[in-house]
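Spelled out, the chains give:
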Amino acid sequence: MQLRVDGRIVTPGARKRRAMLAGLALAANRSMSLNRLAEMVWADAPPASAMANLRSHAAGIRRLIGHRLVARPNAYELRLEPHELDVIEFQRLAEEGRSRLTTEDPTSAIPTLTAALAHWRGAAGEGLPGGTTLDSRWASLEEQRLQVFEELTEARLTAGKHGDVLSELREHLAAHPLRERAWGQLMLALYRCGDVPAALGAYRDARARMDEQLGIKPGEELDALHRAILNRAPQVSYTRPTAVTATSPTPVGEHRTAGVPGWTVPRELPADLATLVGRTAETADVVAALTSATPSVVVITGPPGSGKTALAVRTARAVAAGFPHGQVFVDLGYRTSVTSDEVLGRVLRALGVAAADVPDDTDERAGWFRSLAAGRRLLLAIDGVTRAAQVRPLLPAGPGPALIVVGQRRLRSLEGARRITLPPLTATRAGALLAALAGPGRMAAEPAATAELVRLCAGSVLALRIAGSRLARWPEMPVAALVNQLAEGRGRLDLLTYDDLSVRASLAAGVAVAQSEDEVAGRLLELLGTCPEGPAEVDRAAAQLGVSSHRVRQALEDLVDAHLVHRDGPGSYRLPALVRDFAAEMAAEPLTPVQDKAQPIPYTG
């Protein structure tokens, strides 16, 4: 854990404070509850003073980084830009390098993957308390590092640098002797260096290690490589890659006649969810819009947690074969600070433009993008959009490219876009989603409790997914037991958090956008949180806030557009159920520490 402020390294403090800062950084720009932070700081049960200690650590962190640490109700949020966190930069460079491996010139991945590994200074989480919930994050990051090392080795072997990789591969395997891919790379490098006995000996070493530690034999791929080396098969000999000629259109701009990038085929779509229930009509509408002959723009909008991103990924994967020139996926994280300039730079790098060649001028970036995308079947998916201006330069200028925009607002100023609004799931579809996650027999056995659980989740796909995951974790717990805990109300949002899924964090992102764009809208949400059961009347709210009725009506309509408020009738508005819970937290005074309710009480019969 290392912190740089204004270019200099500063010491955050004791190990527990560093662990808290690490946990907040890994969840950057999302609220992290005190209960979850405690699990990241203490290996055993947190002491009675845990909440007070965390607040003390937060005060110490704030002295170093100022306003970037934001206090939330019983939670904190660390505000960071993507380039300010080495984890994000490592993952961005790794993904960029990985996409280059699939191009006609895989050796172009070498500088990018090398830059990704340069962000590592030691083992993930080194110097922080062990035995906490952060351990799984460190293990995941270590696995990513090992994969990137092996992908870089693959690129270097393709470039003919067989002798250069030998010592690094041996060190790698000494620390991680069960990495079959690395054993195969070592065998190939030795064979291509002319040391056939050593290559065969490496296979025997791999076989012995796996038998000794796992009691298994090497996989078919390593066995096939062993046979090919024994037979001196042509496919294991080195063949120098053919020269790649750039065929992309040449962008026109000052001093840009040289160094024009070739076309990289990005494959950036995230994994599809195994369970996506109740969005059949919306899926068909998005697919139809994306496959039309005219320039295609689709805006997917809906309340926080309604499954907008899942629908975008599902439909993008469904039509991916029709976009052979690549698919780019960018998540803006609902950050209003992200500019179209940054989005264009991210997309250009995905398409093969080296970071040093990306123009500084926004208009020139937009021109480069239009030249590269002209006539190509390229699919862009931009998630977490807060303003139309962030994506306007990416609008297709002619047939070929298509654009999916995901955001809470409808972004009506994007002319010609097809808008798909996701409503809350109906009771029937919500029950089907719970059954898919926790088992149909279990839900059918308790129809009344299932119906109440559906009601408490208020049609939110995210809330239902979390509830279903909790039930799947505790297979012996009755559905009614979870319903009873959720029905308590005050701790509902604590229970609607599971691993990295959080209804509170999703709502916080949407509310933060509304607050940043309009102070009156933020104050209105807090006001509605003080009287969450009844509708808000414009004139009464205006009197309480000390502004005009017109100003309040404008702010309320903006909140309606962001799916944070429902219009109840002429001049009357109401909070949706889960937004009501979050607004009540916003309006409440800081609570004294209470027993952690984040985990359901296991059913013991």
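Everything here concerns the structure above.
Residues numbered from 1 in each chain as written. Predicted model: local features only at pLDDT ≥ 70, side-chain atom pairs only at ≥ 80, totals over all residues. Heavy atoms only, no water.

Q: For this particular structure, what's the right way to read the overall build of the chain?
A: A count of helices and strands for the chain gives 25 helices and 15 strands. Taken over C-alpha atoms, the radius of gyration comes to 27 Å for the chain, in line with the 25 Å a tight globule of 605 residues would show. Here the chain holds 605 residues, and 51% of them are scored as buried. Considering only residue pairs separated by 6 or more positions, the chain has 69% of its internal contacts joining residues 24 or more positions apart. Counting only carbon and sulfur atoms, one obtains 52% of the accessible surface of the chain, whose full area is about 27500 Å². Averaging the locations of the 70 positively and 67 negatively charged side chains of the chain gives two centres separated by 1 Å. (Helix = DSSP H or I, 4+ residues; strand = E, 2+ residues; numbered from the N terminus. Rg over C-alpha atoms; globule rule 2.2 N^0.38 Å. Buried < 20%, exposed > 50% of the residue type's maximum accessible area, 1.4 Å probe, protein only. Contact = heavy atoms within 4.5 Å. Areas by Shrake-Rupley, 256 points an atom, 1.4 Å probe, with all protein chains shown as cover. Lys, Arg positive; Asp, Glu negative; His and termini not counted. Charge placed at Lys NZ, Arg CZ, Asp CG, Glu CD.)

Q: Sorry if this is basic, but what is going on with the pattern of salt bridges here?
A: Two side chains that carry opposite charge are able to pair once their charged atoms sit near each other. A complete count under the given rule lists 27 salt bridges for this structure. Notably, a salt bridge pairs Asp-86 with Arg-121, separated by 3.7 Å at the nearest N-O pair. Separated by 35 residues along the polypeptide, Asp-86 in helix H4 (residues 86–101) and Arg-121 in the loop between helix H5 (109–117) and helix H6 (135–158) bring together distant segments of the chain. Linking Asp-494 and Arg-504 is a salt bridge whose minimum nitrogen-to-oxygen distance equals 2.9 Å. Pair noted here: Asp-494 is in helix H20 (residues 492–495) and Arg-504 is in helix H21 (residues 503–517), with a separation of ten residues, a long-range link. Three or more residues joined by partner-sharing salt bridges are found here, namely Glu-89, Arg-92, Glu-96 and Arg-100. (Salt bridge = Lys/Arg side-chain N within 4 Å of Asp/Glu carboxyl O.)

Q: Explanation requested: the pairing of strand E4 (residues 69–72) in the structure shown.
A: Along a regular strand, successive side chains alternate from one face of the sheet to the other. As paired strands, E4 and strand E5 (residues 75–78) are joined by four bridges and run antiparallel to one another. Bridge pairing in E5 links Leu-69 to Leu-78. The antiparallel hairpin formed by E4 and E5 contains two residues in its connecting segment, where Asn-74 sits at a positive phi of about 55 degrees. (Pairing = 2+ DSSP bridges.)

Q: Whenever I open this one, the nonpolar core confuses me. Can you help?
A: Where a protein is soluble and globular, its nonpolar side chains tend to be buried together. In terms of nonpolar packing, the biggest core is built from 74 residues, with Met-20 and Leu-37 touching the most fellow members. If one sorts the elements of this core by residue count, helix H8 (residues 180–192) sits on top with eight residues. Once you skip the residues sitting within four places of it in the chain, Met-20 turns out to touch Leu-37, Val-41, Leu-54, His-57, Ala-58, Ile-61 and Tyr-76. Ile-466, Leu-471, Val-503 and Ala-583 belong to the second largest nonpolar core, which has 58 residues in total. (Core = buried A, V, L, I, M, F, W, Y, C linked by side-chain atoms within 4.5 Å.)

Q: Would you mind showing me how to read the sheet that holds E5 here?
A: Remark on secondary structure: sheet strands pair via backbone hydrogen bonds, oriented parallel or antiparallel. Read across the open sheet, the three strands follow the order E3-E5-E4; overall the sheet is antiparallel. Pairing within the sheet leaves two strands with one partner each, and these edge strands are strand E3 (32–33) and E4. Relative to E5, helix H1 (residues 15–26) is tilted by about 70 degrees, and along the sheet it contacts E3, E4 and E5. (Axes fitted to C-alpha atoms, helices over the stretch in contact; angles between N-to-C directions.)

Q: Would you take a moment to explain the side chain of Thr-283 for this structure?
A: Looking at the element boundaries, Thr-283 is found in helix H11 (residues 280–290). The buried category is assigned to Thr-283, whose relative accessible area is 19%. Beyond its immediate chain neighbours, meaning those up to four positions away, Thr-283 contacts Leu-311 and Thr-315.

Q: Please explain the environment of Ala-467 as it appears in this structure.
A: Summarising the element assignment, Ala-467 is placed in helix H18 (residues 461–473). The exposure class of Ala-467 is buried, given its relative accessible area of 1%. When the C-alpha atoms of Ala-467 and Gly-219 are compared, they prove to be 39 Å apart, with 248 residues separating the residues in sequence. With residues near it in sequence (within four places) discarded, Ala-467 still touches Leu-434, Leu-453, Cys-457 and Leu-482.

Q: Help me understand the side chain of Glu-89 in this model?
A: Inspection of the secondary structure puts Glu-89 in helix H4. Aside from chain neighbours lying at most four places away, what touches Glu-89 is Pro-82, His-83 and His-119.

Q: How should unusual backbone geometry be read in this particular structure?
A: Phi is mostly negative for residues that are not glycine, and the peptide bonds are mostly trans. Its identity as a non-glycine residue notwithstanding, Asn-74 has a phi of 55 degrees, on the positive side. Summarising the element assignment, Asn-74 is placed in the loop between E4 and E5.

Q: I keep staring at the environment of Leu-101 and nothing clicks. Help me out?
A: Considering the arrangement of structural elements, one finds Leu-101 in helix H4. With 50 residues separating them along the chain, Leu-101 and Glu-151 place their C-alpha atoms 8.1 Å apart. Apart from residues no more than four positions distant in its own chain, Leu-101 is found in contact with Pro-106, Ala-109, Leu-113, Glu-151 and Ala-155.

Q: Looking at this structure, I do not really get the packing of aromatic side chains. What am I missing?
A: We describe a pair of aromatic rings using the distance from one ring centre to the other and the angle between the two ring planes. By the definition in use, this model includes one aromatic pair. Both rings, one in Phe-90 and one in Trp-120, keep their centres 5.6 Å apart while their planes meet at 85 degrees; by these two values the pair is edge-to-face. Taken together, the residues span a long stretch of sequence, with Phe-90 in helix H4 and Trp-120 in the loop between H5 and H6 at a distance of 30 residues. For the pair shown, Phe-90 and Trp-120 are each scored as buried. In this structure, Arg-145 packs its charged tip against the face of Trp-120, placed 5.4 Å from the ring centre. Its guanidinium or amino end placed over the ring of Phe-323, Arg-377 lies 4.1 Å from that ring's centre, counting from NZ or CZ. (Phe/Tyr/Trp six-rings, centres within 6.5 Å; stacked < 30°, edge-to-face > 60°. Lys NZ or Arg CZ within 6 Å of the ring centre and 35° of its normal.)

Q: I keep staring at the sheet that holds strand E6 (residues 296–301) and nothing clicks. Help me out?
A: The strand order across the open sheet built from five strands is E7-E8-E9-E6-E10, with neighbouring strands paired in parallel fashion. Two strands close off the open sheet at either side, each with one partner strand: strand E7 (327–331) and strand E10 (418–421). On average, each strand axis in the sheet is tilted by 15 degrees relative to the strand beside it, whichever way the strands run. Pairing of E6 with strand E9 (residues 402–406), which is carried by five bridges, proceeds in the parallel orientation. Paired with Ser-296 across the two strands is Ala-402, which belongs to E9.

Q: It is not clear to me how the packing of H11 against helix H12 (residues 308–319) should be interpreted in this structure. Could you clarify?
A: The relative placement of two packed helices comes down to the angle between their axes together with the axis-to-axis distance. Between H11 and H12, the least distance of the axes is 10 Å, while the angle of their chain directions is 50 degrees. Comparing their axes, H12 and H11 come out oblique. Two packed elements cross with a definite hand, and for H11 against H12 that hand is right-handed. Every residue of H12 that contacts H11 at Glu-282, Thr-283, Val-286, Val-287 and Leu-290 is listed here: Leu-311, Thr-315, Ala-318 and Val-319. Each residue belonging to the contact of H11 with H12 can be placed in one class, and the counts come to six nonpolar, two polar and one charged. (Parallel < 35°, antiparallel > 145°, perpendicular 65-115°, else oblique. Left-handed = near helix turned anticlockwise from the far one by under 90°. Nonpolar A, V, L, I, M, F, W, Y, C, P; charged D, E, K, R; others polar.)

What is shown is where atoms sit, not what they do.
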